Amino acid sequence: MVGGQADVKLVSNAMANATRRKIMAMLVESNRSREEIEKAAGASMLDYHLQMMQQAGLIDQKDGMVTITEFGKNFMQSKTEKPPEVKKDLAGTKPIEITEIMQLLPCIADTTKFRIIARVSPPLGGALKLLEPLFSRARYSEKIGALIIQKGNIMITAYSTGNVTMTMIRSEQEAKDVLDDLRNTINNAIARGITPVPREKVKVDHAEIFQYLPKTDCHICGEQSCYSFAIRLVGSETTLDKCTPLLDAKYATNLEHLKTLQEYL
Ligand code: SF4
């Protein structure tokens, strides 16, 4: 019986090998014939592997069948890692509703447009990360726990807490339309209950980059103009941080847009 120091050593030796760990993982699911194990784990040194595992008290062999022992089961249970906190699929995630549109403030980047703060309920929490592939331009930020979605000129930031901010919105009606669209896209995925398959991402060109640059042609980045900076950025010949004027608060929204676009260069 396994239990003493020597036995503990036998178990650690038996489990210190990837093939033997693979066999144990198979046996946790169900008992297997030797043939099945050979197919999955390979014939090389199979006798030796099985012998080591048997000596450690993890398995038994009889009439061509390999079975996991009670000790083996308990051992594997104690080694099973806790499931990660992020959900693997959307099953169990509740559909969302837009509960309120709280604020309409002038946009910093363009005062003719608005910045919206809204709320969805229930909050999507960890499921939000899984929704990234639903959108052709989106990235999930671990740092802020939010999905940042670029939709034309509009940037939507959906937080796992349920808050949603949107920039460059023309009217309250547009805010409602964009939020409805967001809710429908998310709820369709939730109704299917599975992690969406990654969408083909839309490519970004220099004209799109250019529209978010300060357009002052100040040369700080070392380029002749903002337009040539955009071309070089698309060609990976320069980096966004070279345009330091973008750090000015008035370009905060532009910078967010550029960072999202950069993901698709
Ligand atoms: S530093 Fe920025 S604003 Fe100035 S020229 Fe370069 S891209 Fe344009």
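**Q** Can you walk me through the environment of Arg137 in this structure?
**A** Tracing the backbone shows Arg137 in the loop between strand S5 (114–121) and strand S6 (138–141). Residue classification places Arg137 among the buried positions, given a relative accessible area of 9%. Along the chain, Arg137 and Glu263 lie 126 residues apart, while their C-alpha atoms are 8.4 Å from each other. One polar contact links Arg137 to Glu208, side chain to side chain, over a distance of 2.4 Å.

**Q** Would you take a moment to explain the pattern of salt bridges for this structure?
**A** Oppositely charged side chains can pair when the atoms bearing their charge come close. With the rule as written, the count across this model stands at 13 salt bridges. Among the ionic pairs, Lys129 bridges to Glu142, the shortest N-O distance being 2.3 Å. You can see Lys129 sitting in the loop between S5 and S6 and its partner Glu142 sitting in the loop between S6 and strand S7 (146–151), a full 13 residues away along the chain. The exposure class assigned to Lys129 is partly exposed, which follows from its relative accessible area of 33%. Notably, a salt bridge pairs Glu256 with Arg139, separated by 3.5 Å at the nearest N-O pair. Within this pair, whereas Glu256 is found in helix H9 (residues 252–262), its partner Arg139 is found in strand S6, the two being separated by 117 residues in sequence. A relative accessible area of 28% places Glu256 in the partly exposed class. Residue Arg139 is classed as buried on the basis of its relative accessible area, which comes to 15%.

**Q** Looking at this structure, I do not really get the nonpolar core. What am I missing?
**A** Soluble globular proteins tend to pack their nonpolar side chains together in the buried interior. Of all hydrophobic cores here, the largest spans 29 residues; its most connected members are Leu131, Phe135, Leu147, Ile156, Val164, Met166 and Ile186. When contributions to this core are tallied by element, the ones reaching two or more residues are S5, S6, S7, strand S8 (154–159), strand S9 (163–169) and helix H6 (172–192). Looking at which element gives the most residues to this core, the answer is H6, with 7 residues. Counting residues in each nonpolar core, the second largest holds 19 residues, with Met15, Leu46, Leu58 and Val66 among its members.

Parameters and conventions
- Residues numbered from 1 in each chain as written.
- Predicted model: local features only at pLDDT ≥ 70, side-chain atom pairs only at ≥ 80, totals over all residues.
- Heavy atoms only, no water.
- Helix = DSSP H or I, 4+ residues; strand = E, 2+ residues; numbered from the N terminus.
- Buried < 20%, exposed > 50% of the residue type's maximum accessible area, 1.4 Å probe, protein only.
- Polar contact = N/O pair within 3.5 Å; in protein donor to acceptor, adjacent residues only side chain to side chain.
- Salt bridge = Lys/Arg side-chain N within 4 Å of Asp/Glu carboxyl O.
- Core = buried A, V, L, I, M, F, W, Y, C linked by side-chain atoms within 4.5 Å.

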